Structure formats: structure tokens, C-alpha cells
Amino acid sequence: MVVFAAVRRARSGALLLAALLATAPGRAQEAPPDPENLPVLVATGVGSFVVDAGAPLSLPWGETAAGTLVALSPVAARLGGHLEVGPLGQRWTVTIGDSEFLLAPASAAAIVGTEILPVSQPAQEREGDLLVPIDLLERLFGATLGVRFAWSDAEHRLTAVRPTSRELPVEADLVHLQGVSTLVLRFPERPRYRVRQEGTVYEIVLAGDRLVPPPARSRPRDPLVRSLDITPERVRIELEPGCAAESYTLAAPFRIVLDVFRRADAAGGEVGVDALAARSARAPGVRTVVIDPGHGGSETGAIGPAGTPEKELTLLISRSLAARLREELRVQAVLTREEDVDLGLDERSALANQYRADLFVSIHLNSSARGGGARGAETYILSLQASDQRAADAAALENYVGEGVADPGSEQFDLQLLLWDLAQSQHLAASQQLAALIQEELDRQLGLRDRGVKQAPFRVLMGAAMPAVLVELGFISSRDEEAQLREPAYRAELVEALVRAIARFKAGLEAGAGEAAR
Ligand SMILES: [Zn+2]
């Protein structure tokens with residue numbers, strides 16, 4: 001019953017996506033968009049820029065049918081921010097404090113982390129600077145620094161007002177899991193701050209705002225964090241010797257997260273920790289594999305005729321795959337979920353990014369809405385367009401995450417599909433290669449003829465900034481395959497096929513690196 005509802009709903013999502021793709025201005029996997037697709041500048045000039053009623057600065061502007069654009073560099077120079085053009089001018093990065101915004105050409109949106117911020121019109125390159133709409137400035141400097149902007153058409157004048165100080169309560173949580181301590185600082189709204197580090201001391205220093213510290217608490221009992229001290233001006237975290245931290249932010253509510261880990265050289269290469277630290281100057285290879293057991297918690301996934309939920313089998317398979325990868329390939333293998341818990345699709349790839357994984361493998365079991373017939377394994381890579389109807393159905397089914405979580409048919413979801421594709425597009429060739437090896441090994445193991453690699457818009461792969469594949473290890477909707485999948489020996493065979501494929505992929509990368517070094 002649940003599955004039928006999911007299929008029906010998800011189908012309409014796929015149709016909406018197809019409709020959107022037909023009208024999309026430019027697909028992310030293609031060459032940089034044609035500048036002729038940008039709104040035409042009907043007027044340009046040089047106006048002025050005033051901050052907090054100070055002396056006016058000169059500011060180039062432009063006008064399109066969609067509204068006013070102003071030069072970003074003078075604004076960033078005055079308010080604090082750094083502008084960088086990506087390779088081939090395909091993307092611009094704006095860094096404000098420790099926030100990084102990505103502007104894709106001809107795309108009326110900015111990307112920060114995995115968040116998409118739609119704006120009124122695309123930014124345009126002009127004379128080495130970037131002309132941006134005023135609402136993009138609000139997105140960039142409003143969210144990070146609380147600046148408000150106003151534009152006067154008559155005077156061609158941009159006014160910026162910086163906010164007075166706010167008092168922000170902060171809550172702190174510290175947990176230790178899998179060799180990593182995670183400190184989460186939660187704020188009602190985004191404070192203005194910067195992160196400072198010296199040795200094992202990390203400080204989050206407020207700029208303009210003040211913190212309301214939580215009630216006094218006892219010293220943290222944590223193996224990696226020595227002390228945590230919060231004053232109105234700053235949060236000070238001292239780590240144990242030999243430890244280091246990485247910080248990142250999460251939205252809604254705004255959180256600053258610090259992952260604390262023991263440095264590999266100090267820890268003597270303890271599995272589960274060293275890959276977090278070994279992040280700089282990496283030779284090609286496979287050190288960390290993030291394995292994602294599909295579904296979990298209230299999301300059962302597909303349910304077999306005998307009542308086996310997909311989420312249970314994906315967890316069993318993922319656990320043994322992780323164990324075998326550690327044993328056989330000596331790599332760090334991390335599961336996105338260790339237990340039967342809910343986990344969002346976006347959080348899964350976010351976790352892989354956080355671990356700087358070299359590979360992301362999402363494990364699923366297929367179900368055929370058409371019933372009967374379908375059997376065997378299928379390997380998928382991300383594409384905005386499904387390779388066939390079955391691939392489209394599979395993606396629609398896996399993208400479905402239940403009522404009230406995210407609506408796969410919504411416009412916001414479709415926009416995210418288009419933009420997240422950017423993150424995965426540079427790894428598509430490697431994803432394709434890994435998927436081909438996996439499919440080959442599975443076909444051989446299961447005695448099936450070559451099925452080839454399929455493509456579909458799987459949301460779980462979209463944020464992944466590394467080669468990423470989704471494997472449907474069999475049809476749980478088939479009575480026979482469900483019975484087989486319940487057998488540990490059969491599952492072990494599937495796991496060995498995956499291990500062989502990943503070993504071949506790893507060896508290929510390392511051989512390539514060796515050749516390049518010669
Ligand atoms: Zn699934």
C-alpha cells in the first residue's frame with residue numbers, strides 16, 4: 001500500500017522534472033552557457049556607493065529588463081569579502097568571513113554549502129568584474145553580516161547600512177562517536193564571526209554581535225576536547241594535544257560545527273580517524289569509502305512479498321561491505337547510518353563530503369512497480385536525465401522520502417537537482433568507471449548478461465563531491481530474490497563482487513598515479 005502510493009507520487013515528480021528540463025536555460029553538464037542567454041544590458045553607467053552615511057565611492061552599474069545590477073568588487077572591497085574566478089570562468093566564488101558562495105554563470109542562484117539561494121537574475125561578467133542584482137548582495141552580505149541595501153534609480157546610488165550589535169543566545173553540545181568528537185554550537189540566527197586557530201586552540205570570535213552564554217556547565221568529559229569556554233565575545237575550544245578540528249556550518253537553525261579528530265601522525269594510524277586528517281596533497285587513490293545503507297527508520301524503502309523491508313537488508317549488506325573493505329583493501333570505510341534510524345538524502349552525501357571520501361556507494365534494493373519479471377542487480381550514476389523508463393522509476397522511488405520531508409515534485413527540489421549536478425559533474429567519468437566495474441562483477445557473480453550502467457537523477461548522489469554510484473543489488477519485489485537476499489551466504493557473494501570492483505577501481509587509480517609520476 002505504502003509502496004504504491006510512493007510510486008504514484010514519485011512518478012508525478014519525475015514528470016515535473018522532465019518538464020523543467022525541457023525549459024531549463026542551460027544544463028550543467030554542458031559547456032558554459034551562451035552569454036546570449038543572459039538578460040541584455042539596456043543601460044550601463046557609474047553611480048555611487050555609500051556605507052553608513054560615509055563618503056560616496058564610485059560604483060559601476062547596469063540595467064536589464066529584470067532590474068538593476070551593480071559591480072560586486074567595490075562592494076566586497078568595502079564590506080569585506082573576496083572574489084575569485086574559477087577555472088574557465090565557469091564559476092565565481094565569493095568568500096565572506098568563513099562563508100563561501102558559489103555563483104554559477106547564467107544561473108539565477110547562489111550556492112552556499114548545499115543550500116540554494118534563488119535570486120532575481122543571473123550575475124554577468126563585465127570588464128573583469130561581476131555585475132550582480134541587489135537581492136544577491138542581500139543574500140551575500142545580509143545573511144553573513146546583517147547589512148541592508150537600498151538602490152536609488154534616480155541617483156544611481158547604492159546605500160548600505162550595517163546593523164547595530166545583537167545579543168545571541170548560544171547552546172553547545174559535544175558528542176564523541178567513532179573516534180571523532182563533534183561540537184555543535186547552535187544560534188537563533190547567524191552571528192557575525194570568524195574562526196581563529198592557534199595550535200590546539202580554536203576560537204569563534206564575534207564581530208559586532210555578542211553572545212549570551214549558556215548556564216555554567218562542568219568541564220567537558222571528552223577524550224579529544226580539553227576545555228570549552230563561552231564568553232559574550234567568543235567561544236574558546238582547547239583540544240587535547242595531537243588533535244585538530246575542522247569547522248563547517250549548518251542552516252535552520254544556524255549551527256557552527258567543529259569535528260575534532262586525532263591527527264594521523266599522532267594517533268599511529270588508527271582506522272576511523274586517519275583519513276579525516278590526511279587531507280592535503282593527496283595522490284589519486286582510495287583511502288576512504290563512504291557506504292550508504294539506503295533508507296532507515298520510518299523510511300522502510302521497498303517491502304518484499306514476504307515482508308522484508310529494504311532498509312534492513314541494505315544495512316546488513318553495508319555493514320559487511322564496510323568490514324570486508326577494511327580487511328581486504330585496508331581503507332577507511334564509513335557508514336552513513338550504523339543503525340535503523342532516519343537520515344535525509346542530502347545528509348548522506350554531506351557526510352561523504354565531510355569525510356572527504358574518495359568514493360560514495362549507496363546500497364539499495366530495487367522493486368518493480370510493474371511486478372514480476374524484473375530481477376538482478378543494476379548500477380546507477382547520476383544524470384539529470386534517466387537512461388530509460390525503468391531508471392526513471394527507480395530514481396523516483398528512491399528519491400521519495402515520505403510526506404512532510406521534502407516534496408520531490410516541488411520547484412525548489414527541481415532547482416536543486418539542476419544545481420547540485422554541478423558538484424557531481426566533474427566526477428562523472430570516474431563514477432561511470434566505478435559503476436561499470438561494479439556492474440561487471442555483479443553480472444559475473446549472478447550469471448547475468450551485461451546490463452550496462454544506467455543513469456538517473458538520484459537525489460542521494462547529487463551533493464556528492466567524489467565519484468558516486470547507487471547500486472540496486474536485486475529486486476526485493478521478486479519473491480525468489482527476496483528469499484535469496486535473506487540468505488547471509490547470498491549477500492556475502494554480492495559483497496565480494498562489490499569488494500572486487502572497488503579493488504579494481506583502486507588499483508586502476510594507483511597504477512595511473514604511478515605512471516603519471518614516472
Ligand atoms: Zn532504496
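Cut-offs applied
Positions within a chain are numbered from 1, following the residues in the order the chain's sequence is written. The predicted origin of the model limits local features to residues at a pLDDT of at least 70 and limits the giving and counting of side-chain atom pairs to 80 or more, whereas totals for whole chains, interfaces and linings rest on all residues. Secondary structure elements follow DSSP: runs of H or I no shorter than four residues count as helices, runs of E no shorter than two count as strands, and numbering proceeds from the N terminus. Counting other C-beta atoms within 10 Å of a residue's C-beta gives its exposure: the residue is buried at 20 or more, exposed at 12 or fewer, and partly exposed in between, where C-beta atoms are placed from the backbone. C-beta atoms are first placed from the backbone for all residues, and any pair lying within 7 Å is then listed as a contact. Confidence of the prediction at every residue is given by pLDDT, a number between 0 and 100. Two strands pair under a simple rule: DSSP has to find at least two bridges between them. Looking down the strands as they point away from you, a crossover is right-handed if its path from the first strand over the helix to the second goes clockwise.

K.L.:
Even after reading the chapter, I still don't get the overall build of the protein chain, so can you show me in this structure?
P.N.:
Broken down by element type, the protein chain carries 13 helices and 28 strands. In the protein chain, which comprises 518 residues, the proportion classed as buried is 39%. Put simply, 66% of the contacts in the protein chain that link residues at least 6 apart link residues at least 24 apart.

K.L.:
Please explain the confidence of the model for the protein chain as it appears in this structure.
P.N.:
Reading fine detail from the predicted coordinates is not recommended where pLDDT is low. Averaged over every residue, the pLDDT of the protein chain is 79; residues scoring 70 or more account for 77%. Across residues 265–282, confidence stays below pLDDT 50; counting only partners more than four residues off in sequence or on other chains, it has 32 contacts. The model gives residues 402–408 a pLDDT under 50, and that stretch makes ten contacts with residues more than four places away or in other chains.

K.L.:
I tried to follow the environment of Phe-360 on my own but got confused; where do I start?
P.N.:
With respect to the element layout, Phe-360 can be found in strand β25 (residues 359–366). Judged by C-beta crowding, with 31 C-beta atoms within 10 Å, Phe-360 ranks as buried. Considering only alpha carbons, one finds Phe-360 and Ile-291, 69 residues apart in sequence, at a separation of 6.0 Å. Dropping the residues within four chain positions of it, Phe-360 is found in contact with Val-290, Asp-292, Ser-349, Ala-352, Ala-464, Met-466 and Ala-468.

K.L.:
It is not clear to me how unusual backbone geometry should be interpreted in this structure. Could you clarify?
P.N.:
Negative phi is the rule for most residues except glycine; trans is the rule for most peptide bonds. For Glu-127, which is not glycine, the phi torsion reads 50° and is therefore positive. Not every positive phi belongs to a glycine, and Arg-330 is a case in point at roughly 55°. Counting through the fold element by element, Arg-330 comes out in the loop between α6 (310–329) and β24 (332–335).

K.L.:
It is not clear to me how the pairing of strand β6 (residues 99–103) should be interpreted in this structure. Could you clarify?
P.N.:
Pairing of strand β5 (residues 92–96) with β6 involves five bridges; the strand directions are antiparallel. Note on β6: the bridge partner recorded for Thr-93 is Leu-102. For β6 and strand β7 (residues 109–112), the ladder comprises three bridges, and the chain directions are antiparallel. Across the sheet, Leu-103 pairs through a bridge with Ala-110, a residue of β7.

K.L.:
I keep staring at the pairing of strand β23 (residues 288–293) and nothing clicks. Help me out?
P.N.:
A regular strand places its side chains on the two faces of the sheet in alternate fashion. Within β23, six of the six residues are buried, which leaves the element mostly enclosed by the surrounding structure. Residue alternation in β23 divides its side chains into two sets, Thr-288, Val-290 and Asp-292 and Val-289, Ile-291 and Pro-293, and both sets are buried. Strand direction decides the pairing type here: β23 and β24, joined by four bridges, are parallel. Note that in β24 the partner of Thr-288 across the bridge is Gln-332. What joins β23 to β24 is α6, and the crossover it makes is right-handed. Pairing geometry for β23 and β25, over five bridges, is parallel. Within β25, the position partnered with Val-290 by the bridge is Phe-360.

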